[in-house]
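In case you want the letters, here they are:
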Amino acid sequence: SNGVLEELELVRLNQAIAFLHHGRGADFGAVALNFSKLFRNELSPQGDPVSYTQFRQYTHRTLAGLDDDPEAQVMIMEQFIAEAISAWEVCKESSNLPGGLLEGPECLVNES
């Protein structure tokens with residue numbers, strides 16, 4: 001809610017989404033590597049936080065690359081948002097469980 005997207009936020013969100021899809025068997029290290037790489041290649045080479053405007057422009061390019069039909073783009077975006085909301089709920093619920101897969105106030109993946 002600070003008006004920017006940070007690299008670690010993108011990584012954590014996608015780790016939580018990976019957990020939703022694959023459970024404890026998700027390869028959280030690979031997810032972190034993949035989304036850190038994406039952030040630096042597409043948004044900020046130095047890993048600096050990016051504005052909502054920058055992220056929105058990236059999202060538009062990505063949607064256009066997936067499908068050129070505006071209605072399909074809306075459906076794709078709705079699915080992305082639904083997954084993000086579900087991941088946020090997982091983080092919120094698991095943040096109070098010591099030793100949980102996703103723990104801590106910032107939904108860090110427990111590497112141990």
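As a reminder, the structure under discussion sits directly above these lines.
Rules used throughout
- Residues numbered from 1 in each chain as written.
- Predicted model: local features only at pLDDT ≥ 70, side-chain atom pairs only at ≥ 80, totals over all residues.
- Heavy atoms only, no water.
- Core = buried A, V, L, I, M, F, W, Y, C linked by side-chain atoms within 4.5 Å.
- Buried < 20%, exposed > 50% of the residue type's maximum accessible area, 1.4 Å probe, protein only.
- Helix = DSSP H or I, 4+ residues; strand = E, 2+ residues; numbered from the N terminus.
- Contact = heavy atoms within 4.5 Å.
- Salt bridge = Lys/Arg side-chain N within 4 Å of Asp/Glu carboxyl O.

**Q** How should the nonpolar core be read in this particular structure?
**A** The nonpolar side chains of soluble globular proteins are, as a tendency, buried together. Residues L5, L10, V11, A18, A26, F28, V31, F35, F39, L43, V50 and Y58 constitute the largest nonpolar core, which totals twelve residues. Elements with a minimum of two residues in this core: α1 (7-22) and α2 (28-42). For this core, the leading source of residues is α2, giving four residues. For A18, the contacting residues outside a window of four places in its chain are G23, A26 and V31.

**Q** Can you walk me through the pattern of salt bridges in this structure?
**A** Charged atoms that come close allow side chains of opposite charge to pair. Scanning all chains against the criterion turns up one salt bridge. A salt bridge links E7 to R40; its shortest N-O distance comes to 3.1 Å. Placement of the pair is E7 in helix α1 and R40 in helix α2, with a sequence separation of 33 residues. Note on E7: relative accessible area 12%, which makes it buried.

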